[in-house]
Amino acid sequence: MAVGKITFTKTEREKLAEVLWLLNWISVVTGAILFGLGLFLKIEIQKWQEVMSEQGILYVPHMLITTGLAACGINYLGSKICLDCADTNKFLRWKLVMMPYIVCTFFFTACVLAGALMCYSIRSQLEEALYLGLRNTMRFYKDTDTPGRCYLKKTLDLLQIQFQCCGNTDFRDWFQIQWISSRYLDMTNSAVVDRVRSNVEGKYLMDSVPFSCCSTLSSRPCIQHNLSNPGAHAHYDEQSQQLNLWRRGCQQALLDHYTGIMQSIGLTVLLIWLFELLVLTGVRYLQTAMENVIRLGDPDSESEGWILENSLAETACYNFSIIKSLGKCYQADDDPNINVPTAAAGQEVPSAQVTS
Amino acid sequence: MPFLSLKFNLQKRVKLAQGLWMLYWLAVIVGIILFSLGIFFKVELRKRSEIMDNNESHLVPNLLILVGLLSCGLNAFGGKLCHDSLDPQKFSRMKPMLRPYMLLCCGFNALLLLLLLLCFLMQFAVYLTLAEGLKNAIRFYKDTDTPGRCFMKRTLDMTQIEFRCCGNNNFRDWFEVQWISSRYLDMSNDVVKDRVLSNVEGKYLMDSVPFSCCNPGSPRPCIQHHLTNNSAHYDYDHRTEELNIWSRGCRQAVFSYYSGIMNSIGTFILNSYFEVAGDVAGLKYLSTALETMADPENPECESEGWLLEKGFKETLADLLSKVKTFGRANQVEEGGASPDVAAT
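Residues numbered from 1 in each chain as written. Chains lettered and ligands numbered in written order. Predicted model: local features only at pLDDT ≥ 70, side-chain atom pairs only at ≥ 80, totals over all residues. Heavy atoms only, no water.

Examining the overall build of chain A
Okay, step 1: A tally of helices and strands in chain A yields ten helices and two strands.
Okay, step 2: Order of helices (α) and strands (β) in chain A, N terminus to C terminus: β-α-α-α-α-α-α-α-α-β-α-α.
Okay, step 3: The C-alpha radius of gyration computed for chain A amounts to 34 Å, which surpasses the reference 21 Å derived for 356 residues by more than 25%, pointing to a less compact arrangement than a globule.
Okay, step 4: Burial status across chain A gives 42% buried among its 356 residues.
Okay, step 5: Pairs at least 24 apart in sequence give 73% of the contacts found in chain A among residues at least 6 apart. (Helix = DSSP H or I, 4+ residues; strand = E, 2+ residues; numbered from the N terminus. Rg over C-alpha atoms; globule rule 2.2 N^0.38 Å. Buried < 20%, exposed > 50% of the residue type's maximum accessible area, 1.4 Å probe, protein only. Contact = heavy atoms within 4.5 Å.)

Structural data, given as structure tokens:
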């Protein structure tokens, strides 16, 4: 009992071939779009890679780039095949290639789906990478003289300005690290020395934030220092405090930014996957219809096309048995025609006795 | 003796018509680009109209939009002309429209030249408007509670951050204005009171700058206050410190941005001028080649095409005499009328 059986006349077959040729060319374009999306995502991630603790999430754009390139190649081949399929003579050229081509396309389409799902599942890994990365960047903010870390200050300042955020989860994260380098601290000043000594780890901690935390929306000039003591500033009421600095944490800001990008990309890739599935189904129907025409012998007759020749269960059993027999070919055969040396060989007369 | 004449056979005529048709459609795309450039420039001017006192001149972008639309229309019509020119029936219908159309194209080209000139000259106007606007913006920075100026602080902060600049000419412009509003000053503090009283106009002036002047590329945390006082900060010399705050003035920074846009637009207009001129010349060749066919019924015959029917000097002399006779036409009529009156 075939799955999805449809009967095709000669004109219907030719039309199907034409339509599939066009769809394959459109798929080449969508493959290029997939490639472009992967490239875009890679660039976006690399822009802020310094504030991420690991580059593991780069496998998502790499997957998209590879699948995009594969899509272009596979669909270009598909368009060539479909163009030839309208004519039974030309189809004979491709007969042997068709089945492997369809199997390849099936696996490739599964990769596209995997790529789409990866876009949605990356969030938790990204959250962890951002938290650790931002924590380290804030710790190394003051190390503008250490090779490998000189530009972390600039990166973090630009990040806070562009994404309108402050600190990791909150602006108070800046109170817990020393973000002013010791080489700019006047160690002869008793106030400075007291503060350093009063800290267990000898760090100079203050309730201040860098200038990049300042909000441009505030109606008063930015208050960066003595933030825990609102009374130290004139008329520093609740509303002023709310508007003074950026309230959002940079981890949340970056997470929202990347999640938004990945969700849009994921949606586009899902749509591309549906389209590829449609093309694959069409090519399968065309392949089976053309093969049946050749089997019937008359190129003008009607033929049937299907997705699977037998039902799903039978096809699954058949494939399993193929895989099993592949595994068995390295073990001993039960074929009686093969001469297997038995214990009788050991009874052969040694050559020395024969000559004597 | 025709000016720059060329011989055409059927093949050459067809090739010319096809080539011209493509060029005309390319010119339509150029017109669309000019239109979008006009819109882009207009939007950019509007974005920053607050630091230009809302006084900026929109002449150049408005003209660009107009020229873009005109170009699309004229060149689409030209393309249609070229397409119909190879069909003798359609061409004979189009013939009377050719001369006015080519005159229109020449006028359009003159408009393009005018626009090109404006692109380069209006930069002066932009510079002056910016200078005045920024001066006022810095003065009104603190007035976040005055209607009509509440967003000046936000705009100026974002401009300084985006264009990496500080003040009008340089950061010292901030020393001359009170940029902290009096409602955030603690008037009970003696230091504050002294400073206000010591100023002739009662302004609270400091040698400080807002946070938006800070340079993120500086290796040390930003020093905003007491900029000219070396002893107020550890290991700080304001004469040698270059990276702390932006050293460029916003007038220079914003002007070079707009100047860049206007120069690029000017270059593009120059290219489109040459393209339209080429199109008109090609159309003149095609129309004269089709008109001078010895045997209109036989498309295979050869013909001659030219830019001007007579030589360049003769055409100029003709034009001048036409202008003179046009001026004299009224006088001749009066002279003609009086003998009639005398005769009756």
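Once the structure has been displayed, the description carries forward.
Quick notes on the interface of chain A and chain B
Okay, step 1: Each partner contributes to the interface: chain A provides 25 residues, whereas chain B provides 25 residues.
Okay, step 2: Taking both partners together, chain A and chain B bury about 2,200 Å²; carbon and sulfur atoms supply 68% of that area.
Okay, step 3: Considering only the surface of chain A that becomes buried against chain B, Y184, F211 and T216 of chain A emerge as the three largest contributors, covering 29% of it.
Okay, step 4: The tally of links from chain A across to chain B stands at five residue pairs in polar contact (both at pLDDT 80 or more). (Buried area = accessible area lost by both parts, 1.4 Å probe. Polar contact = N/O pair within 3.5 Å; in protein donor to acceptor, adjacent residues only side chain to side chain.)

Comments concerning the pattern of salt bridges
Okay, step 1: Inspection of every chain in the model, using the stated rule, returns 22 salt bridges over all chains.
Okay, step 2: The salt bridge partner of D143 of chain A is R149 of chain A, with a shortest N-O separation of 3.0 Å.
Okay, step 3: Here R149 of chain A falls in the partly exposed class, since its relative accessible area comes to 29%.
Okay, step 4: In this structure, a network of salt bridges that share partners links the residues E44, K47, R48 and E162 of chain B. (Salt bridge = Lys/Arg side-chain N within 4 Å of Asp/Glu carboxyl O.)

Structural notes on the environment of N24 of chain A
Residues and elements named next belong to chain A.
Okay, step 1: Take N24: it is sitting in helix α1 (residues 10-47).
Okay, step 2: Using a relative accessible area of 0% as the deciding quantity, one classes N24 as buried.
Okay, step 3: For the pair formed by N24 and C329, sequence separation is 305 residues and the distance between their alpha carbons is 39 Å.
Okay, step 4: Apart from residues lying up to four places away in sequence, N24 is in contact with N75, G78, S79, C82, Y101, V279 and V283.

Re the nonpolar core
General note: in soluble globular proteins, nonpolar side chains tend to be found buried as a group.
Okay, step 1: In terms of nonpolar packing, the biggest core is built from 156 residues, with L159, W174 and V209 of chain A together with W174, V209, I269 and L283 of chain B touching the most fellow members.
Okay, step 2: Residue contributions to this core peak at 18 residues, all from helix α3 (residues 88-139) of chain B.
Okay, step 3: Discounting chain neighbours no more than four positions away, the residues touching I269 of chain B are L34, L64, L112, L115, L116 and C119 of chain B. (Core = buried A, V, L, I, M, F, W, Y, C linked by side-chain atoms within 4.5 Å.)

Regarding the domain arrangement of chain A
Residues and elements named next belong to chain A.
Okay, step 1: Looking at chain A, the domain boundaries give domain 1 (6-138 + 251-309) and domain 2 (141-231 + 238-250).
Okay, step 2: Centre-to-centre, using C-alpha coordinates, domain 1 lies 48 Å away from domain 2.
Okay, step 3: Taken residue by residue, the interface counts 14 residues in domain 1 and 18 residues in domain 2.
Okay, step 4: Between D256 and R248 there is a salt bridge; the shortest N-O distance is 3.7 Å.
Okay, step 5: The tally of links between domain 1 and domain 2 comes to eleven residue pairs in polar contact (both at pLDDT 80 or more).
Okay, step 6: Elements represented by at least two residues in the side of domain 1 that touches domain 2 include exactly α4 (123-139) and α8 (250-296).
Okay, step 7: The element that contributes the greatest number of residues to the side of domain 1 that touches domain 2 is α8, accounting for six residues. (Domains from an automatic or database assignment.)

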